[in-house]
Amino acid sequence: MPQTSPTPGLFETIYTTRALRRFKPDPIPEEVLFQLFDAAIRAPSGQNVQDWRFVVITDPAVKREMQAWAEESWKRYQPQFAADPAAIDALPRTKRLSLRSVEHLSHHLAEVPAIILVCGLKGRHSTPGGSTFPAVQNLMLAARALGLGGSVFNLALRRDRLHEMLAIPENNEIYCLLPMGYPTDKQGPVRRKPVKDVVYLERFGAAWEFAAKQPENGWQDRWVARDTPLNGSATSP
Ligand SMILES: Cc1cc2nc3c(=O)[nH]c(=O)nc-3n(C[C@H](O)[C@H](O)[C@H](O)COP(=O)(O)O)c2cc1C
């Protein structure tokens, strides 16, 4: 029973929210942005401290500088493909699509309507990311439900420069960057290792028989229409 609708249900949203890295130039209306953050901050955090802070970056000059950092990171991260971009075409499909989209965003970051910087108080939590990334995932899911898309994209993360340029206090840690906009690539089923490979029963490494009998793709067919384009990727940074 594939369930697709203009406003996807919770499970369809979870099964189809991909990392998207190509966007239309259209700006994100403020009421849409507000809905995005109003959903993001419903997430849990340790002691409900909610010390996450978000900076919405739309300033072209700042985005241009961030793109320059992303271009440098791309060269460091994929020197072979930076020197010879055509070599990406020889890769297997999922790897090729994924790398092409990372390459694209690295060279077009300045055109993205908004880059969301996520930070929070340093040293406030014993598991700092644990009190931040639930809000990031809420934001990603809300984005998908609102017709937006994005991805964590830390290739443009220059902490020292961002602290300075955006007046981020020293007692805040920057966790990630999320370029966001109306995507030109489609959301679609995400490929993940099956449950049986990552969930054990009682002891680490001990098989869970029920999971072992389920389809390799899990139960995604319950939530994703079969004709949903599968241009997702299993491998990205
Ligand atoms: C902590 C974290 C860091 C990430 N850093 C980057 C990054 O620097 N560049 C990038 O293109 N994607 C980055 N991603 C996105 C992942 O590559 C992507 O979510 C993953 O490959 C799954 O993609 P899919 O949902 O489209 O299958 C990051 C994701 C997370 C959670």
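Structure first, text after, so check above.
Within any chain, residue numbers begin from 1 and follow the written order of that chain's sequence. Selection of residues for local features in this predicted model requires a pLDDT of at least 70, selection of side-chain atom pairs for listing and counting requires 80 or more, and totals for whole chains, interfaces and linings are taken over all residues. Side-chain measures were taken over the full set of non-hydrogen atoms in the model, leaving aside hydrogen atoms and water.

1. Some thoughts on the overall build of the protein chain
A helix here means a DSSP run of H or I that spans at least four residues, while a strand means a run of E at least two residues long, and both kinds are numbered starting from the N terminus. Looking only at helices and strands, one finds nine helices and four strands in the protein chain. Listing every helix and strand of the protein chain by position from the N terminus yields α-α-β-α-α-α-β-α-β-α-β-α-α. The C-alpha atoms of the protein chain give a radius of gyration of 19 Å, which matches the 18 Å a tight globule of 237 residues would have. For the protein chain, the spread of C-alpha atoms along the principal axes amounts to about 55 × 50 × 40 Å. Partly exposed residues are those whose accessible area sits between 20% and 50% of the maximum for their type, while under 20% is buried and over 50% is exposed, using a 1.4 Å probe and protein chains only. Here the protein chain, with 237 residues, has 41% of them falling under the buried criterion. Residues are treated as being in contact if the distance between any of their heavy atoms lies within 4.5 Å. In the protein chain, the proportion of contacts linking residues at least 24 apart, taken out of those at least 6 apart, comes to 81%. On the protein chain, roughly 13000 Å² of surface is accessible, and the fraction owed to carbon and sulfur atoms is 54%. We score Asp and Glu as negative and Lys and Arg as positive, and we do not count His or the chain ends. Working definition for charges: the position is that of NZ of Lys, CZ of Arg, CG of Asp or CD of Glu. The centroid of the 29 positive side-chain charges in the protein chain is displaced by 5 Å from the centroid of its 25 negative side-chain charges. Each radius of gyration is computed over the set of C-alpha atoms, and the globule rule expresses the reference value as 2.2 Å times the number of residues to the power 0.38. Computed with a 1.4 Å probe, the accessible areas rest on the Shrake-Rupley method; for each residue, only the protein chains presented here act as cover.

2. Concerning unusual backbone geometry
Positive phi is not limited to glycine here, since Gln47 has a value of about 55°. Structurally, Gln47 is set in the loop between α2 (30–40) and β1 (53–57). Exposure remark for Gln47: the relative accessible area of 70% places this residue in the exposed category.

3. Digging into the packing of α2 against helix α6 (residues 133–145)
Only the stretch in contact is used when fitting a helix axis, every axis being a line fitted to C-alpha atoms; angles between N-to-C directions are given from 0 to 180 degrees. For the pair α2 and α6, the least separation of the axes is 8 Å and the interaxial angle reads 140°. The angle between the axes of α2 and α6 places the two elements in the oblique class. Every pair of crossing elements has a handedness; the one defined by α2 and α6 is right-handed. Listed contacts from α6 to Leu36, Phe37, Ala39 and Ala40 of α2 are Ala135, Asn138, Leu139, Ala142 and Ala143. By residue class, the composition of the contact of α2 with α6 is eight nonpolar, one polar and no charged. These descriptions rest on fixed angle ranges, namely under 35 degrees for roughly parallel, over 145 for roughly antiparallel, 65 to 115 for roughly perpendicular, and the rest for oblique. Here a crossing is called left-handed whenever its near helix is offset anticlockwise from the far helix by less than a right angle, and right-handed whenever the offset is clockwise. Ten residue types, Ala, Val, Leu, Ile, Met, Phe, Trp, Tyr, Cys and Pro, are classed as nonpolar, four, Asp, Glu, Lys and Arg, as charged, and the remainder, Gly among them, as polar.

4. Focus: the state of the cysteines
By convention in this document, the label disulfide applies to cysteine sulfur atom pairs within 2.5 Å. Applying the stated rule across the entire model yields zero disulfides. There is no disulfide at Cys176, and the cysteine sulfur nearest it, in Cys119, is 9.9 Å away. We classify Cys176 as buried; its relative accessible area is 0%.

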